[in-house]
Amino acid sequence: MNPKTSVITEAQKNEQRAYCDAIRAYWLGRGRTPKAYVDTYGCQQNEADSERIRGILRLCGYEIVESEEGADVVVINTCAVREHAQTRVYGNVGALVHTKNRHPEQKILVCGCMMGQTHVVERIKNSYRHVDGGFNPHHLWQLPQLLGRLLTEKKRVFLTDDEAGNIVEGIPSVRQNALKAWVSIMYGCNNFCSYCIVPYVRGRERSRKKDDILAEVRALIANGYRDLTLLGQNVNSYGKDLPDGVDFADLLAEIAELDGDFVIRFMTSHPKDASEKLFDTMAKYPKIAHQLHLPFQSGSDRILTAMNRHYNREQYLQKLAYAREKMPDLVVTSDVIVGFPGETAADFEDTLSLVEQVRYDALFTFIFSPREGTPAAKMEDPTPKEEKNARFDRLVALQNRISEEKHRGYIGKTVRVLVDGTDGDMLTGRTDGGRLCRFAGSQDCIGQFLNLTITDCTTWSLVGEIVKEG
Ligand code: SAM
Ligand code: SF4
Ligand code: F3S
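Residues numbered from 1 in each chain as written. Chains lettered and ligands numbered in written order. Predicted model: local features only at pLDDT ≥ 70, side-chain atom pairs only at ≥ 80, totals over all residues. Heavy atoms only, no water.

Asks: Explain the overall build of the chain to me, using residue names and the numbers behind them.
Replies: When helices and strands are tallied, the chain shows 13 helices and 21 strands. In terms of overall dimensions, the chain is globule-like: its C-alpha atoms have a radius of gyration of 23 Å, near the 23 Å expected for 470 residues. Across its three principal axes, the chain shows a C-alpha extent of roughly 65 × 60 × 50 Å. Per-residue burial over the chain gives 54% buried out of 470 residues. Sequence separation of at least 24 residues holds for 76% of the intrachain contacts in the chain that already meet a minimum separation of 6. On the chain, roughly 20400 Å² of surface is accessible, and the fraction owed to carbon and sulfur atoms is 50%. The distance from the centre of the 60 positive side-chain charges to the centre of the 64 negative ones in the chain is 3 Å. (Helix = DSSP H or I, 4+ residues; strand = E, 2+ residues; numbered from the N terminus. Rg over C-alpha atoms; globule rule 2.2 N^0.38 Å. Buried < 20%, exposed > 50% of the residue type's maximum accessible area, 1.4 Å probe, protein only. Contact = heavy atoms within 4.5 Å. Areas by Shrake-Rupley, 256 points an atom, 1.4 Å probe, with all protein chains shown as cover. Lys, Arg positive; Asp, Glu negative; His and termini not counted. Charge placed at Lys NZ, Arg CZ, Asp CG, Glu CD.)

Asks: How would you summarise the side chain of Ser 50 if you had to cite specific residues and measurements?
Replies: Assignment of secondary structure puts Ser 50 in helix α2 (residues 44–59). At 2.8 Å, the side chain of Ser 50 and the side chain of Thr 40 are in polar contact. Discounting chain neighbours no more than four positions away, the residues touching Ser 50 are Val 38, Thr 40 and Asn 77. (Polar contact = N/O pair within 3.5 Å; in protein donor to acceptor, adjacent residues only side chain to side chain.)

Asks: Break down the packing of helix α7 (residues 210–222) against helix α8 (residues 248–256) for me, citing the residues and quoting the values.
Replies: Orientation of α7 relative to α8, taken along the N-to-C sense of each, is 30°, at an axis distance of 11 Å. Regarding the angle of α7 to α8, the classification is roughly parallel. Crossing angle aside, the handedness with which α7 passes α8 is right-handed. Counting all contacts with α7, which are made through Lys 210, Ile 213, Leu 214 and Val 217, the residues of α8 involved are Leu 251, Glu 254 and Ile 255. Residue composition of the contact of α7 with α8, by class: five nonpolar, no polar and two charged. (Axes fitted to C-alpha atoms, helices over the stretch in contact; angles between N-to-C directions. Parallel < 35°, antiparallel > 145°, perpendicular 65-115°, else oblique. Left-handed = near helix turned anticlockwise from the far one by under 90°. Nonpolar A, V, L, I, M, F, W, Y, C, P; charged D, E, K, R; others polar.)

What follows is the structure, encoded as structure tokens:
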């Protein structure tokens, strides 16, 4: 992996724009509007990338459709974080052979994090002959060139070199939601947690310039977006690679000072870099959601060291205690890995006791999945699968009990929600802390902030009634 960041120049972008023009002309010559379908796996970073892919496809003249059937181009944006995610992709890419048989001119592209692994690229090239091409995350901005070559050269094109991580400003996004928007503030990761494939497939950390982020956020607010999530694998490292000394808390504060009715959140925070300054800033500005996703991964210090996480249980708990002191209504969620190589029954008990102690609002729980090329994949792993599954079930049962108890604690309280859609004949909304609420009301309320009195709950959601004004 080449560690140097490159900023893509206007000249390089103009080259891609020329390919967009050529593709539009190609389809104009054929007398119809081409269709494109993008399917996304993985995290919010990939969702944000897919919005950019749709933006590029629209620039090339494609209509964005919701099914692969009959689409002229199908883009599968993949995730490599766990084996299960990859297996699903292989199955679904394999099944596209039938769709393509019904529409032989269809071009199938595979991109995303899986294409950052050489062995996956080889498997796609050799065993999935109906796939026409692909690109890894470093080459997303060159999609016009890739498509243009596919249409004219009539041979497969793969852009999968392990390039320097880059920053490309100005790619338009076709966003999936009219109220909520992802804003990538940085790309890549420098942390090399011993189990994780992300740094290998997405390259080193690189931050966008503050002014570029602020310009994007201002435009989103002006266009009616109300719920903005700043994205990065470790947002607390934001700015470390920039010359102007700005850090993540400074960026958050500047955004929170912008005019408009909106709420701002962020993910993910690495506990080792979460600072008191960050929590002070969150507490100070009403527009910053009191929501914190702070993955702990394991409650055992021994396992945290083997994971290369650079914090221990005590430090983690101290940071959280500070955050909760500043924001007593803070909604806290986390990621946990069960069955890391060498995790003993005692280590797992430490994880359970940490969950009991913190009482998270929600947990994202994963069974360890060895990723080729990471240090953890080579570690001794004597614990049988059945034992890992049993531990996983105990953890989920514990968290379900806590989630339900926490939800019950909301009954009788008033919360503010952004109304974001419907579920059957109920409206849905999220609290500033990210809790899902269901309630009766008119669809005209979608897009507004409303106060609700909570009347009931389930493990996963709150039920409420709109508070009548005056
Ligand atoms: N950057 C974030 C962080 O540091 O917390 C999250 C990155 S990762 C996309 C999301 C979660 O997937 C991680 O927090 C971890 O719990 C889980 N994960 C990553 N690699 C894994 C693996 N090999 N097996 C199981 N879970 C994994
Ligand atoms: Fe993976 Fe760790 Fe980076 Fe998160 S911080 S993306 S878990 S290496
Ligand atoms: Fe995200 Fe999966 Fe890549 S979790 S960063 S899409 S490996």
